[in-house]
Amino acid sequence: MVYDKLTYAGNLDNLRDLEDNPRHSFVRGDICDMSLVDRVIQEEQISTILNFAAETHVDRSIFEPGSFIQTDIYGTYVLLEATKKFGLDRMIHISTDEVYGEVMSGSSVESDPLRPRSPYAASKAGGDLICLAYHTTYGTPVVITRGSNSIGPYQYPEKVVPLFITNALDDLPLPLYGDGSQMRDYQYIIDHCEGIDTVLHQGKIGEIYNVGSGVEIRNIDMAKGILRLLKKPESLIQYVEDRPGHDRRYSLDTTKLQSLGWGSRHAFQEALEKTVKWYTENEWWWRKIKSGEYKEWYERQYGKRKILP
Ligand code: TYD
């Protein structure tokens, strides 16, 4: 059962493949709406919650932190309360490597302190901490996963990889923040989902599991990789004013999840190729998104942004 508020980034097209699947149903709702959450859990006899619901875009959190604090912290509380109240089997809370903050050397392990630096990262860290507090205080059966950047089909083109692919397809500039040397672990979405599935079935209650490919790529190399695959010139790369508080690097140690038998199956190049192919073949999906709300966002975010020499 999918429960989704369908905010700007939600889209029923993403569920098209499941339309005729008798095991799938959909309810439009907000995780902050406690009475609706409670009703749906009871009516649908839900036993397990996977909390993917969140405001997720760092740049948006810089303009408007309020909705992040609301959904990522208060919404998580609502789901924990329901898990406790109705005695659910377990809740898997999907979090992010960003809660560890910028990691200039080495890799983050699950017991590392949280040092979030953006309103987004801080709101996710708040959600993680309320999960752990519920487990400690009430014994609520919650498990946390912390994933690195996902790439693949159906990703809203505000995130850098689909943004750069769809801009490149239209011969538009690729706005690269700062000097482009920031590093991210871009993992293929299927690997990320398999990691979450492993935790769903084998993760220990009250524990945290990192999920990532373990390979960090510089943004400039990711941008050049996309252009190479699309046979577009590197002159499309446009260096623009950096994101305030831009974390230079995240890096995850995933030994703990690997000990449950999970392993990342897609190297970065293969993940990027599959992603580029999907956006190239599925213009029907992203062209209609790149109008309306998206255009307003793009203008606000990039319209007056300083272009660097
Ligand atoms: P993003 O996809 O927003 O994910 P996050 O910041 O949560 O990791 O950005 C990934 C990286 O790409 C990050 O280092 C910021 C950079 N970036 C750009 O250079 N230009 C852009 O237009 C965007 C959106 C991101």
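Residues numbered from 1 in each chain as written. Predicted model: local features only at pLDDT ≥ 70, side-chain atom pairs only at ≥ 80, totals over all residues. Heavy atoms only, no water.

**Topic: the nonpolar core**
Core analysis: the biggest nonpolar cluster contains 33 residues, and V161, F164, M222 and I226 have the highest contact counts within it. Not counting residues within four places of it along the chain, the set of residues in contact with I226 comprises V161, F164, I165 and L272. In terms of nonpolar packing, the next biggest core, distinct from the first, is built from 19 residues, Y3, V40, L80 and I208 among them. (Core = buried A, V, L, I, M, F, W, Y, C linked by side-chain atoms within 4.5 Å. Buried < 20%, exposed > 50% of the residue type's maximum accessible area, 1.4 Å probe, protein only. Contact = heavy atoms within 4.5 Å.)

**Looking at the site of the ligand**
Around the ligand, a shell composed of 20 residues is seen, among which E98, R184, R243, H246 and Y302 lie nearest. V160 has a polar backbone atom sitting 2.9 Å from an oxygen atom of the ligand. Put simply, the parts of the chain that give the shell around the ligand at least two residues each are α2 (58-63), α5 (160-169) and β7 (174-177). For the shell around the ligand, the residue count by class is nine nonpolar, five polar and six charged. (Near = heavy atom within 4 Å. Polar contact = N/O pair within 3.5 Å; in protein donor to acceptor, adjacent residues only side chain to side chain. Helix = DSSP H or I, 4+ residues; strand = E, 2+ residues; numbered from the N terminus. Nonpolar A, V, L, I, M, F, W, Y, C, P; charged D, E, K, R; others polar.)

**Some thoughts on the layout of surface pockets**
One simple way to see leftover space: roll a probe sized like a water molecule over the atoms. Of the pockets and cavities examined, the second largest pocket occupies roughly 300 Å³. Lining the second largest pocket are 16 residues, and of these N167, L172, P173, K290 and Y298 lie nearest its centre. Of all the secondary structure elements, the ones that give two or more residues to the lining of the second largest pocket are β12 (237-240), α10 (283-287) and α11 (293-302). If one sorts the elements of the lining of the second largest pocket by residue count, α11 sits on top with four residues. Classifying every residue of the lining of the second largest pocket gives nine nonpolar, two polar and five charged. (1 Å grid on protein atoms, 1.4 Å probe; cavity = no way out; pocket = protein on both sides within 12 Å on 5 of 7 lines; lining within 4 Å. Points joined across faces, edges and corners; volume = space filled by probe spheres on them.)

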